[in-house]
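Chains, contacts and geometry: an overview
Letter by letter, the chains look like this.
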Amino acid sequence: VHGGAREIGGSCIGVQTEDCKVALDYGTKFEESSSNQFPENFDAVIISHAHLDHSGKLLSLSKKKPVIIGSKITREVTIDLLQDMVKVQSQKDYNYPYFKHNANKIKEHWWVRDHIALPGMTIKLYPAGHVAGARMIGIHAEDKDVLYTGDFCVHDSEILEGCCLLYTSPSP
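These numbers were taken from a predicted model, which means no experiment stands behind them.

Cut-offs and rules
Residues numbered from 1 in each chain as written. Predicted model: local features only at pLDDT ≥ 70, side-chain atom pairs only at ≥ 80, totals over all residues. Heavy atoms only, no water. Phe/Tyr/Trp six-rings, centres within 6.5 Å; stacked < 30°, edge-to-face > 60°. Helix = DSSP H or I, 4+ residues; strand = E, 2+ residues; numbered from the N terminus. Buried < 20%, exposed > 50% of the residue type's maximum accessible area, 1.4 Å probe, protein only. Lys NZ or Arg CZ within 6 Å of the ring centre and 35° of its normal. Pairing = 2+ DSSP bridges. Polar contact = N/O pair within 3.5 Å; in protein donor to acceptor, adjacent residues only side chain to side chain. Salt bridge = Lys/Arg side-chain N within 4 Å of Asp/Glu carboxyl O. Axes fitted to C-alpha atoms, helices over the stretch in contact; angles between N-to-C directions. Parallel < 35°, antiparallel > 145°, perpendicular 65-115°, else oblique. Left-handed = near helix turned anticlockwise from the far one by under 90°. Contact = heavy atoms within 4.5 Å. Nonpolar A, V, L, I, M, F, W, Y, C, P; charged D, E, K, R; others polar.

Considering the packing of aromatic side chains
Across all of its chains, the model carries two aromatic pairs by this definition. Measuring from ring centre to ring centre gives 6.4 Å for Tyr26 and Phe42, while their planes differ by 90°; the resulting arrangement is edge-to-face. Taken as a pair, Tyr26 in the loop between strand 2 (21-24) and strand 3 (44-46) and Phe42 in the loop between strand 2 and strand 3 lie far apart in primary sequence, 16 residues in all. In this structure, Tyr26 and Phe42 share a single accessibility class: buried. A centroid spacing of 5.6 Å and a plane angle of 75° characterise the contact between Tyr96 and Tyr98, whose relative ring orientation is edge-to-face. Tyr98 matches Tyr96 in its accessibility class, with the two residues each being buried. Here Lys21 stacks its cationic end above the ring of Phe42, 5.2 Å away from the centre of that ring.

Below, the structure is given as structure tokens:
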């Protein structure tokens, strides 16, 4: 767990096998006393939804060529939120290290997928019911299954169906 446990914001969970290393979310931490450093050597970063506590640290990967995976709606909203964060932070701190083009770089490296196979790992995204585009992340690796829920909602709303927690293994 790199962030999001026993703190507000900063969601980032690492899952690693001998062949592959992925991050589940890459969010901004909101408590000033918290370390805001995450590892950057992941094979892929899977984003559950666009809220900045789950996606706001992606700007730190913009100078690399990361593989970022998530839904199309999450990508579009995340990029808008990152651009807005750049605007707000730049007004507060003239030395803020990121610019609008850094957010656009994230969009260039974002793969819109519902499932993906990585070396030794299969990943499948499931509707989470939290906000439009939100996904739970199922991982199958080394004969084990993990379901990362991020934020989810099981109740239907006026605009979204609640998620189904009857999890099916993403294995092929």
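Observations concerning the pairing of strand 8 (residues 135-141)
Taking burial as the measure, the seven residues of strand 8 include seven buried ones, the bulk of the element. Alternating residues of strand 8 divide into Arg135, Ile137, Ile139 and Ala141 and Met136, Gly138 and His140, and every residue in both groups is buried. Inspection of the sheet shows strand 7 (residues 121-127) paired to strand 8 by seven bridges, in the antiparallel sense. Bridge pairing links Tyr126 to Met136 in strand 8. Examined bridge by bridge, strand 8 and strand 9 (residues 144-148) share five bridges and lie antiparallel to one another.

With respect to unusual backbone geometry
Here the phi dihedral of Asp25 falls at roughly 75°; this positive angle occurs in a residue that is not glycine. Following the sequence through the fold, Asp25 ends up in the loop between strand 2 and strand 3. Positive phi outside glycine occurs at Glu142, with the angle close to 50°. For Glu142, the location among the structural elements is in the loop between strand 8 and strand 9.

Quick look at the side chain of Ser60
For Ser60, the position within the fold is in the loop between helix 1 (52-55) and strand 4 (68-70). A polar side-chain atom of Ser60 sits 2.8 Å from the main-chain carbonyl oxygen of Lys57.

Comments concerning the pattern of salt bridges
In total, this model carries four salt bridges according to the counting rule given. Note that Arg75 and Glu76 form a salt bridge whose closest N and O atoms lie 2.7 Å from each other. Here Glu76 ties to Lys107 by a salt bridge, and the two come within 3.2 Å at their closest N and O atoms. In this pair, Glu76 sits in helix 2 (residues 72-92) while Lys107 sits in helix 3 (residues 100-108), placing the two residues 31 residues apart along the sequence. With relative accessibility at 28%, the residue Glu76 sits in the partly exposed group. What emerges from the salt-bridge pattern is a single network uniting Arg75, Glu76 and Lys107.

Looking at the packing of helix 2 against helix 3
Contact geometry for helix 2 and helix 3: axes closest at 8 Å, N-to-C directions at 165°. The angle between the axes of helix 2 and helix 3 places the two elements in the roughly antiparallel class. The handedness of the crossing between helix 2 and helix 3 comes out as right-handed. Here Arg75, Glu76, Ile79, Leu82, Gln83 and Val86 of helix 2 lie close against helix 3, whose contacting residues are Lys100, Ala103, Asn104, Ile106 and Lys107. Tallied by class, the residues present in the contact of helix 2 with helix 3 amount to five nonpolar, two polar and four charged.

As for the sheet that holds strand 9
As a general point, the strands of a sheet are linked pairwise by backbone hydrogen bonds and lie either parallel or antiparallel. Sheet architecture is open: four strands sit in the order 6-7-8-9, paired in antiparallel fashion. Each having just a single partner strand, strand 6 (115-118) and strand 9 make up the two edges of the open sheet. Here the average twist between neighbouring strands, direction ignored, is 15°. Where strand 6 lies against strand 7, four bridges are found, and the strand directions are antiparallel. Among the inter-strand pairings, Ala117 is bridged to a residue of strand 7, identified as Thr122.

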